[in-house]
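Topology and contacts: notes
Read off the chains here:
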Amino acid sequence: MTDEIKKKEGGVSRRDFLKIGGAAAAGLQIGAVAGAGLAAGKDPAANTGWQHLGDNTQFVDRKPLQLKGQPYEKVGPVLRPEEVESAFGRRRLMMKSMKQGSRGSQKPAAEAAEKKTAPPKDGPPEAVGDIPPESRPGAKPSGSGKRKPGPPRMKMPPPDSFVEPLAGFYKTHPDIYELDKVRLESIMPKRREDEAKYGDFYTLINAWQASWMAGQPIEDPPEISDFQMASPMGRGRKIRPSIPFKSPQLAAKLVKKVAHHFGATMVGVTKLKPEWCYNHSLRGSEDRGSYEVPKHWKYVIAFGVPHQWEQVQANPNCGTSFDAYSRATIAARRLETFIKSLGYPARRHSPMDGYDLIAVPILVDAGLGQQGRHGIVITPETGSNFRAAFVTTNLPMEIDKPIDFGVNEFCKDCHICAEICPSASISYEETNEKITTRGYRHWEINQTSCYNFWMQSMGGLGCRLCLIACPYSRKNNWAHALARTVDTNDPTGLVNDGLTWMQKTFFKTPEAAEYLPPPDGRFATFREPPDWLSVKEYLDIKTLDPTKGE
Amino acid sequence: MINGTVFFAFVVGALSGLVAAGAVIWAKDLRLKMTWWKWLPALLWYLLLNFSVLLAFTMIGEGETGAGLKMLVFFGVILVILGAGLVRLLLAGRAADKGLPVETG
Ligand code: SF4
Ligand code: SF4
C-alpha cells in the first residue's frame, strides 16, 4: 500500500509520520537537553574536587521497602550485651587477669601463664586490635629470617584462674574457652611464625593500615618526632630502617596514589627550599626563635582538600574553614604515618597540627596551581576552593614542576575578588609587579584588614569570600570544565575577556558592603546557605534574621 | 541501576535520527532547495539552540537561576536574529520553483 493510498484511507503516511515525528522529536530533544542541563548543574558529583558526600549516595528509596511488622522476633527475656560475650571484651579481661597475676593475685594459673610468656613491653600479643606486635608499624623489618622470633608460646590458664566475670563465663561456655585457648596457644604463635616468614610481602598493607590510625600530637622537635611512629599502635617507637623504592618515580607515584586515598584531592611533590620555612616557633621545640631547617626535610608533598560545596558558597557569614582544615589534617596524619611506616622520617604540616612552612610557594613549586590576586593558590581543578597540608620527608621522589594555566593573565582584568572583598584588602593593581615581600614578587593582601573583617563576620570564624567568588572556583560540570579548558588553551585572551564579561554580567552577588555587620551591611552570604545550616528550618527557637534587615 | 548517561545518549541519539529524517521531508515539502551550505548553518543553528538550553538549565540546576534565565534571554535573542537570517537563506531560490509539484514517496 502506497503512502498516497494510506492517506486517502485516512491513515498516516510514512512521510507525515516522519514530519510530525521529527518535529516532535526536536521538541523532545530540547526538553531532554534542558533536563540534562538541570541534572548536570545539580549533580553533587561535580562539586569541585570533592567526591560527593550528599544524601544521594543512598539512592534506594526505602519507603516502598518498609516492613509491615517487626524485624525481630522476641522469644525470651531481653538482655543487653555483656563485655564477656565478645571476643574483644574477653581479651581485655584476659589481660586484666594476667596483670593481676603478675601483681600477686590469688589466681595461680594466670600467674603461671604470665611467668611463662612474659608479654612484650607494650602489652600481651593480642593487646592491640588483632595485630601482633611484629606487624605493627615501627616493628623491625620482617621476613627472610630478619625478624626476631616472637615471645615464647603461651599456655591458656584453666577457666577458674581468670577474673570474674570471665571465669564464670568460661565455666558456662566451655566451647568458647576452647576457641580462645586454640587462638592463644596455636593461632597466635603460628601467626608470629608467618609474620617472620612472610611479613615483608605485606609491608604496604601494614603501612596503609597504620596510616588510618594516625593522629598523635607533635610534641618533640623534628630530630626526634619525625623519626618516631605516631600512630596509637606504635607510638614513640623508632621508625624501621628505610625500605628502598625501585625508583624515585615509583616512590612519587605510590605516595600520590595513597595520598588521594587518604583524602587529598590534588597532590604534588617538590624539593623544599629553606626560605619557605618559618623562621620561628618550630613545633615540638621549646625555643620559639629562629631554627635551622632540618636536613631531612628534603622533599615536601603538598596536597589540597576542598571545602564542602554548599557551605563554602554561604561564606563569609555562614561558612567555615574547619571542614577542609579537618580533612586536610587527617590526610596529612595518614600520609605521614604511611611514610614513616616505610622507614623514612616524616612530619606533617596541616591546619589543625600547625605548619613549619609557608603554604603558597610550596603549592606553586609542587605544580598544584598558581597564586591569584587574592594571595592564595588557584588550582585548575578546584580553583581556590581548597585547603592545603604538607608532609616533609627525605624519601627520594620524582618532583613536579610549577604550572601556568593563565591565572596571571586572567587576574589582570578580573578583579572580582578585589571588588567583593568587604575589607578592601585585595589590590586592584593590574599586575603584582610592584608587590614584593621577603625578596620575592607576588600578590599579597592586607592581612590585618582581612583579619579585622574575620572578627566582624558571623557564623564560622573568618571570611573566605575571595576564595569562593573567584571564577576558577566553580563546579566541575561540563559548562565550567569547557570554559576552563578553552580558556587555558586560548592564546588570544578573547575567551578570557568573554568569560570575565559573562561572570560579571550574568552572575549577580551581594555588594561588598552587604557582607558587613548591620547597620552598614546585613551579614549577607555569597549564596543562600543550605537548608541543613538553616536554624529556621530545623530548630524551634526564635531568632532575628540580619540578612532580612531584622 | 540504569546508567543515566548511557540511557540519555541512547534517547537523544534516537531523537536526533528522527529529527534529521523529519527535517529532510520538511525541506522537500516546503520546496527548499537544500544544499550542503544550507544544511550546515541549519545544523549549527540547531546545535546552538541545544547548547543554549543545556547551558542555561545547567546554571539553573547549579542554583544560579538568575544567571540561567539571563543566558536564556541572551542566547534567545541571538538565536532569533540568526534564525531570521537562516530562514532567508533557506528560502532563497524557493520562489522560482513555486507551483512545482510536491514530491512524494
Ligand atoms: S578573606 Fe575576605 S576579607 Fe580577607 S581578603 Fe578575602 S574577601 Fe577580603
Ligand atoms: S577573582 Fe579574579 S582576580 Fe581574583 S584571584 Fe580569582 S581570577 Fe584572579
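Below is a summary of the structure that appears in this document. This structure is a prediction, so every number in the text was calculated from the model and none was measured. (Residues numbered from 1 in each chain as written. Chains lettered and ligands numbered in written order. Predicted model: local features only at pLDDT ≥ 70, side-chain atom pairs only at ≥ 80, totals over all residues. Heavy atoms only, no water.)

Here we look at empty space enclosed by the protein
Residue and element names in this part refer to chain A. With the rule as written, the count across this model stands at three cavities of 30 Å³ or more. Put simply, the second largest cavity is a space of about 70 Å³. Looking at the second largest cavity, the residues that line it are Gly372, Arg373, His374, Ile378, Phe410, Cys411, Cys414, His415, Cys417, Cys470, Pro471 and Tyr472. Of the residues forming the lining of the second largest cavity, the biggest block, three residues, is contributed by helix H13 (residues 407-414). Looking at side-chain class alone, the lining of the second largest cavity contains eight nonpolar, three polar and one charged residues. (1 Å grid on protein atoms, 1.4 Å probe; cavity = no way out; pocket = protein on both sides within 12 Å on 5 of 7 lines; lining within 4 Å. Points joined across faces, edges and corners; volume = space filled by probe spheres on them. Helix = DSSP H or I, 4+ residues; strand = E, 2+ residues; numbered from the N terminus. Nonpolar A, V, L, I, M, F, W, Y, C, P; charged D, E, K, R; others polar.)

Quick look at the sheet that holds strand E1 (residues 266-271) of chain A
All names here are of chain A. Pairing in this open sheet of four strands is antiparallel, and the strands run E1-E2-E6-E3 from one edge to the other. Each having just a single partner strand, E1 and strand E3 (346-349) make up the two edges of the open sheet. Ignoring strand direction, the axes of neighbouring strands in this sheet form an average angle of 20°. The pairing of E3 with strand E6 (residues 387-393) spans four bridges and is classified as antiparallel. Following the sheet pairing, Arg347 is matched in E6 by Thr392. Lying on the sheet, helix H11 (residues 322-341) is in contact with strand E2 (299-305), E3 and E6; it crosses E6 at an angle near 15°. (Pairing = 2+ DSSP bridges. Axes fitted to C-alpha atoms, helices over the stretch in contact; angles between N-to-C directions. Contact = heavy atoms within 4.5 Å.)

Re helix H2 (residues 36-62) of chain B
Relative to the 39 Å expected for 27 residues at 1.5 Å per residue, H2 of chain B spans 38 Å between its end C-alpha atoms, a close match to the ideal helical length. Looking only at H2 of chain B, the buried set comprises Lys38, Ala42, Tyr46, Asn50, Ser52, Val53, Leu55, Ala56, Thr58, Met59, Gly61 and Glu62 of chain B. Looking at the buried positions of H2 of chain B, the neighbouring elements they touch are helix H2 (14-42) and helix H17 (478-488) of chain A together with helix H1 (4-29) and helix H3 (65-91) of chain B. Positive phi appears at Gly63 of chain B, one or two residues downstream of H2 of chain B, with a value of about 100°. (Expected span 1.5 Å × (residues − 1). Buried < 20%, exposed > 50% of the residue type's maximum accessible area, 1.4 Å probe, protein only.)

Structural notes on the side chain of Gln313 of chain A
For Gln313 of chain A, the position within the fold is in helix H10 (residues 309-313). In this view, Gln313 of chain A contacts Ile468, Phe526 and Arg527 of chain A; residues no more than four positions away in its chain are not counted.

Quick notes on the pattern of salt bridges
All names here are of chain A. The final tally for this structure, using the stated rule, is 25 salt bridges over all chains. Note that Asp353 and Arg333 form a salt bridge whose closest N and O atoms lie 2.9 Å from each other. Taken together, the residues Asp353 in the loop between E3 and helix H12 (359-365) and Arg333 in helix H11 connect sequence positions 20 residues apart. For Arg333, a relative accessible area of 21% translates into the label partly exposed. Through salt bridges with shared partners, a single ionic network connects Arg333, Glu336, Lys340, Arg348 and Asp353. (Salt bridge = Lys/Arg side-chain N within 4 Å of Asp/Glu carboxyl O.)

A few points about the nonpolar core
Grouped burial of nonpolar side chains is what soluble globular proteins tend to show. Residue and element names in this part refer to chain A. Ile301, Phe303, Leu335, Ile339 and Met397 are the most contacted members of the largest nonpolar core, which has 27 residues in total. Of all the secondary structure elements, the ones that give two or more residues to this core are helix H9 (248-261), E1, E2, H11 and E6. Counting residues per element, this core draws most heavily on H11, which supplies six residues. Apart from the residues within four sequence positions on either side, Ile339 is in contact with Ile301, Tyr344, Pro345, Ala346, Val391 and Thr393. One finds Val407, Cys411, Cys414 and Cys470 within the second-largest nonpolar core, a separate group that totals 21 residues. (Core = buried A, V, L, I, M, F, W, Y, C linked by side-chain atoms within 4.5 Å.)

What about the site of ligand 2?
Residues and elements named next belong to chain A. Around ligand 2, the surrounding shell holds 13 residues, and the nearest of these are Cys411, Cys414, His415, Cys417 and Cys470. Here ligand 2 occupies the second largest cavity. Elements with a contribution of two residues or more to the shell around ligand 2: H13 and helix H14 (416-420). Looking at the shell around ligand 2 element by element, the count peaks at three residues for H13. Partitioned by chemical class, the residues of the shell around ligand 2 number nine nonpolar, three polar and one charged. (Near = heavy atom within 4 Å. Sits in = over half its atoms within 2 Å of the grid points.)

Some remarks on the packing of aromatic side chains
Scanning the model with the defined rule gives 21 aromatic pairs over all chains in all. Ring geometry for Trp478 of chain A versus Phe51 of chain B: centroids 5.7 Å apart, planes at 75°, classification edge-to-face. Note that Trp478 of chain A is positioned in helix H17 and Phe51 of chain B in helix H2, a pairing that runs across two chains. Three or more aromatic residues joined by ring pairs form one cluster here, namely Trp478, Trp501 and Phe506 of chain A together with Phe51, Phe74 and Phe75 of chain B. For Lys19 of chain A, the ring lying beneath its charged end belongs to Trp26 of chain B, and the centroid distance is 4.7 Å. Lying over the aromatic face of Phe507 of chain A, Arg474 of chain A brings its terminal NZ or CZ to 5.6 Å of the ring centre. (Phe/Tyr/Trp six-rings, centres within 6.5 Å; stacked < 30°, edge-to-face > 60°. Lys NZ or Arg CZ within 6 Å of the ring centre and 35° of its normal.)

Overview of H13 of chain A
An α-helical turn contains 3.6 residues, so any two residues separated by three or four positions project in the same direction. Residues and elements named next belong to chain A. Within H13, burial applies to Val407, Phe410, Cys411 and Cys414. Taken down its axis, H13 places every buried residue within 100° of arc, on the same side. If you follow the buried residues of H13, they end up packed against strand E4 (370-371), strand E5 (377-378), H14, H17 and helix H18 (494-506). Two residues or fewer past H13, His415 is found with a positive phi of approximately 60°. (Arc of directions from axis to C-beta.)

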